[in-house]
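Letter by letter, the chains look like this.
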Amino acid sequence: MKIAIIGTGNLGSSIAKGLIKNKSFTSLYLSDKNTAAVQAFYKEDYVTITSDNAEAVKKSDVVIFALQPRHIEGVMESVAKCIKKHHVIMSVAAGFEIFKIESLIGADKNIIRVMPNTAISIGKSMTCLAANNKGEEKIELAKKIFNQLGATMVIPEEQIQAATVICASGIAFWMRLIRATTQGAIQLGFEADEAHELAVQTCFGSASLLLESGKHPEQEIDRVTTPSGCTIEGLNAMEHQGLSSALIQGIVASFEKINHLKQS
């Protein structure tokens, strides 16, 4: 596959790292006006660094626009003439809907919205995909690419905003929970590096248990909560302080914010 990534900020670079790690291309063009920002990729085999977006599009079959919403429209307009019917156009811009992309490059093009998270750089992303009518013919190709970089789920476009909150913003939510666990471990007497390792590995183990078993979280919770034990004591204290409620409120607040940004 000949792939181009237009925009190499945090997310674009993360996608590039994941593709390089998995050798998921025959050629990879990384295009950004600031080529100095991608110095780390210069020595990679079959990777070309450029500031010429049109060149990147012409030399590729799959084009991933990893740009902020305020930049993507201008960039797409500037390369629209280079986009042909064989191209598969993917966009990770939050809030930039398929109909807007169609208005710029044509509804006859293969268009897929992609919502990954930064764990894509280590092949552990949860990536959601939504396509236009033409792009549905290429959805399996998109899954093939992003399944090498984690897991994928095909969803209706109207759920992309919610997926952004759960999967992309969700990375930050889980990081904050891990940090809080680390701080608790330090208060209980562990050194900072020990506390960090304990928190991260336990979080990883929890997620792995659910992935491997397919069980509901409460089933796994029941396995470690004994009558009058310390675990249920801690869980109840957290719930009295609003743990679940705070998480849900935070998710809803993020969703309301992203919808506000979409409308503005």
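Our subject is the structure listed above.
These numbers come from a predicted model, not from an experiment.

J.: What should I look at first to understand unusual backbone geometry in this one?
T.: Trans peptide bonds make up most of the peptide bonds, and negative phi angles are found at most residues other than glycine. One non-glycine residue, Lys23, lies in positive phi territory at about 50°. Topologically, Lys23 is positioned in the loop between α1 (10–22) and β2 (27–31). The class of Lys23 is exposed, set by a relative accessible area of 70%. Positive phi outside glycine occurs at Tyr46, with the angle close to 65°. Along the chain, Tyr46 falls in the loop between β2 and β3 (47–50).

J.: Can you walk me through the nonpolar core in this structure?
T.: The tendency in soluble globular proteins is for nonpolar side chains to be buried as a group. Judged by nonpolar contacts, the single largest core of 28 residues is most densely connected at Ile5, Leu19, Leu28, Ile64, Met90 and Phe146. Among all residues touching Leu28, those that are not within four sequence positions of it are Ile3, Ile5, Leu19, Ile20, Tyr46, Val47 and Thr48. Judged by nonpolar contacts, the second largest core, of 24 residues, contains Tyr29, Ile89, Ala93 and Ile98.

J.: Help me understand the packing of helix α3 (residues 69–79) against helix α4 (residues 98–105) in this model?
T.: To describe two helices that pack against each other, one gives the angle between their axes and the distance between the axes. Contact geometry for α3 and α4: axes closest at 9 Å, N-to-C directions at 30°. Considered as vectors, α3 and α4 are oriented roughly parallel to each other. α3 and α4 meet at a crossing whose hand is right-handed. In this structure, α3 uses Glu73, Met76 and Glu77 to contact α4, whose residues at the interface are Ile101, Leu104 and Ile105. A per-class count over the contact of α3 with α4 returns four nonpolar, no polar and two charged.

J.: Got a minute to help me understand the pairing of strand β7 (residues 125–131) in this structure?
T.: The side chains of a regular strand alternate between both faces of the sheet. Here β7 lies mainly inside the structure; five of its seven residues are buried. Where strand β6 (residues 110–115) lies against β7, four bridges are found, and the strand directions are antiparallel. Counterpart to Met115 in the pairing with β7 is Cys128. Alignment of β7 against strand β8 (residues 150–154), held across five bridges, turns out to be parallel. Note on β8: the bridge partner recorded for Cys128 is Met153. Taking the sense of rotation as the criterion, the β-α-β connection linking β7, helix α5 (residues 139–147) and β8 turns out right-handed.

Calculation notes
Residues numbered from 1 in each chain as written. Predicted model: local features only at pLDDT ≥ 70, side-chain atom pairs only at ≥ 80, totals over all residues. Heavy atoms only, no water. Helix = DSSP H or I, 4+ residues; strand = E, 2+ residues; numbered from the N terminus. Buried < 20%, exposed > 50% of the residue type's maximum accessible area, 1.4 Å probe, protein only. Core = buried A, V, L, I, M, F, W, Y, C linked by side-chain atoms within 4.5 Å. Contact = heavy atoms within 4.5 Å. Axes fitted to C-alpha atoms, helices over the stretch in contact; angles between N-to-C directions. Parallel < 35°, antiparallel > 145°, perpendicular 65-115°, else oblique. Left-handed = near helix turned anticlockwise from the far one by under 90°. Nonpolar A, V, L, I, M, F, W, Y, C, P; charged D, E, K, R; others polar. Pairing = 2+ DSSP bridges. Right-handed = clockwise from strand over helix to strand, strands pointing away.

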